[in-house]
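Spelled out, the chains give:
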Amino acid sequence: MRSPFDGSEVGRLQRPSLHTVEQAIAGAAAVFPKTRRIPTFERAAILRKIADTLRVRNESLARTLAREAGKPIKAARTEAERAVATFLSAASEVERRAGDVLPLDVNEASLGRWGVLRRVPVGPVCAITPFNFPLNLCAHKVAPAIAVGAPIVHKPASQTPLSALALAEIVHEAGWPAEAYVVLPVTGEAGEKIALDPRLPIVSFTGSAEVGWRLKGLAPKKRVWLELGGNAAAIVHSDADVASAAARCAAGGFGYAGQSCIALQRTLVHRPVFAAFRDAFVAATRKLTSGDPLDDSTDVGPMISTADADRIESWLEEAVAQGAELLCGGKRTGNVIEPMVLVNTKREMRVECEEVFGPIVTLSPYDTFAEALQRANDSRFGLQAGLFTQDIDRIQQAFDTLEVGGLIVNDVPTWRADRMPYGGVKDSGVGREGPAYAMDEYTEPRLLVFKS
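Overview of the structure.

The rules behind the values
Residues numbered from 1 in each chain as written. Predicted model: local features only at pLDDT ≥ 70, side-chain atom pairs only at ≥ 80, totals over all residues. Heavy atoms only, no water. Helix = DSSP H or I, 4+ residues; strand = E, 2+ residues; numbered from the N terminus. Buried < 20%, exposed > 50% of the residue type's maximum accessible area, 1.4 Å probe, protein only. Contact = heavy atoms within 4.5 Å. Polar contact = N/O pair within 3.5 Å; in protein donor to acceptor, adjacent residues only side chain to side chain. Disulfide = S-S within 2.5 Å. Pairing = 2+ DSSP bridges. Expected span 1.5 Å × (residues − 1). Arc of directions from axis to C-beta. Axes fitted to C-alpha atoms, helices over the stretch in contact; angles between N-to-C directions.

### Regarding the environment of threonine 345
When you line up the elements, threonine 345 lands in the loop between strand 13 (340-343) and helix 12 (350-353). Exposure remark for threonine 345: the relative accessible area of 17% places this residue in the buried category. Sequence separation between threonine 345 and alanine 233 is 112 residues; the distance between their C-alpha atoms is 14 Å. When near neighbours in sequence (up to four residues on either side) are disregarded, threonine 345 contacts Ala324, Val351, Glu352, Thr362 and Ser364. In this structure the side chain of threonine 345 is engaged in a polar contact, spanning 2.7 Å, whose partner is the side chain of glutamate 352.

So this is what it looks like as structure tokens:
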């Protein structure tokens, strides 16, 4: 494995054999009767021990993230801190969770009957995670699984397996059975076979829309939960704090070189403030530092691969050839590309209608708020959107109209709290992350009826 920044070696791995993969799946299935019966207090204690160790090892984990994923070290430290919060949230939720008591005597035929409804784990989980948040997105799969008592077989991204392997070590040290969390750094083809294995009835996938929907189509009897791509828009109306909005949009569009499914990509600005916002946004973008992810001053690190850096350059060249104007950025050094701001873009350009997943943000003026909402919705994706305004009626109108999983008011769509229900609509996926909501995805209701 080599760093996406300078090509230096960051680790060596041996891919698991088919025999090892089979052992992992069989082991998860065999240990499920044990893990599902681990008492609540023990599961909560394990989750808190994991959080404690993550907190202690923050710096080493952050450096692993920076080296294998090219994530700027200050953002990597934040990710490691978020993983702590994710496990603590799961611990809190497992202790808080209660079933329902149902009165069933709603007619004479059911006189004297009442029910108890509780949620039970469906079975072992196949988790598949991407490269861009190789620790905290693992936490979002693993923490709720431990919370409900479900084993996990985990296929991490090929570019970033080290963080998942480090997490597995921490999870096992905390007392979770070794066979109940196995990390398999296999190829995508082998990962698909794991996902389709009938002994793993739950598939929790975060990654590209193409791969995710393919898996769902191949496994109609499974619970396939998808967190996929985005094409995030932010709307900046004329009553917003333009300077503050510009600063937040620069951070939301270019953090980790835009390699996030909720990275701001399309910025729609009310025409009366468009020029002021444009100038402030370009100025904020130029202040960002690109370079070595291990340097504390770096804001924008490398693209995850040379192929992705090449793709971003070609999309930029294509947009400029079709009439877009580059206001700043675009200089490339290795896999590091300076953040780019584009204006005069058209809907059919890939930088507008597809998921860029790189350091490009487009700026477009709008005349009416209804037009802005329509343009924000004009995408096959629907993960999150941002809205900058002080008008409660516009907020309500946007909330009623925008086809997204979440609307973030007076901030960028890139904002996320780890305990909130996170996920999208349309091609952005199905299901919700956040420990409490993932626990619902991993479980099913079971009813007990009493007759007095």
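### Section: the state of the cysteines
Enumeration over the complete set of coordinates arrives at 0 disulfides. Cysteine 249 forms no disulfide, and the closest cysteine sulfur to it belongs to cysteine 328, at a distance of 14 Å.

### Some thoughts on the environment of tyrosine 422
Mapped onto the fold, tyrosine 422 is located in the loop between strand 17 (406-409) and strand 18 (425-426). With a relative accessible area of 2%, tyrosine 422 lands in the buried category. Residues tyrosine 422 and valine 273, spaced 149 residues apart in sequence, show a C-alpha to C-alpha distance of 31 Å. In contact with tyrosine 422, other than residues within four places in its own chain, are Glu227, Cys261, Ile262, Leu383, Gln384, Arg416, Gly431, Arg432 and Glu433.

### Brief notes about unusual backbone geometry
Of note in the backbone geometry, tyrosine 256 takes a positive phi value of approximately 50° without being a glycine. Looking at where tyrosine 256 falls in the secondary structure, it is placed in the loop between helix 9 (242-254) and strand 9 (266-270). Of note in the backbone geometry, alanine 257 takes a positive phi value of approximately 55° without being a glycine. Locating alanine 257 in the fold gives a position in the loop between helix 9 and strand 9.

### Quick notes on the pairing of strand 2 (residues 113-121)
Sheet topology places strand 1 (residues 100-103) next to strand 2; 4 bridges connect them, and they run antiparallel. Residue pairing across strands places leucine 102 opposite glycine 115, the latter belonging to strand 2. Relative to strand 20 (residues 443-451), strand 2 runs antiparallel, the two being bridged by 9 bridges. The partner of valine 120 across the bridge, within strand 20, is glutamate 444.

### Quick word on the pairing of strand 8 (residues 233-236)
Along strand 8, one buried face is formed by Ala233 and Ile235 and the opposite face, lined by Ala234 and Val236, is buried too. Across 4 bridges, the pairing between strand 8 and strand 16 (residues 384-388) is parallel. The residue of strand 16 that forms the bridge with isoleucine 235 is leucine 387. Sheet topology note: the strand 8/strand 9 ladder contains 4 bridges and is parallel. Pairing of valine 236 across the sheet is with valine 269, part of strand 9.

### Re helix 2 (residues 40-56)
Helix length check: helix 2, at 17 residues, gives a terminal C-alpha distance of 25 Å against a target of 24 Å (1.5 Å per residue), a fit within 8%. Of the positions making up helix 2, those classed as buried are Arg43, Ala44, Ile46, Leu47, Ile50, Ala51 and Leu54. Buried residues of helix 2, seen end-on, are gathered within an arc of 160° and therefore sit on one face of the element. Facing away from the buried side of helix 2 by more than 90 degrees, the exposed set consists of Phe41 and Val56. As for helix 2, its buried residues are in contact with helix 3 (58-69), helix 4 (73-96), helix 5 (136-148) and helix 6 (162-173).

### Side note on the sheet that holds strand 13
Pairing in this open sheet of 7 strands is mixed, and the strands run 10-13-14-9-8-16-17 from one edge to the other. The outermost strands of the open sheet, each flanked by one partner alone, are strand 10 (325-328) and strand 17. Each adjacent strand pair in this sheet contributes to an overall mean axis angle of 25°, direction not counted. Relative to strand 17, strand 16 runs parallel, the two being bridged by 4 bridges. Bridge pairing in strand 17 links glycine 386 to isoleucine 408.

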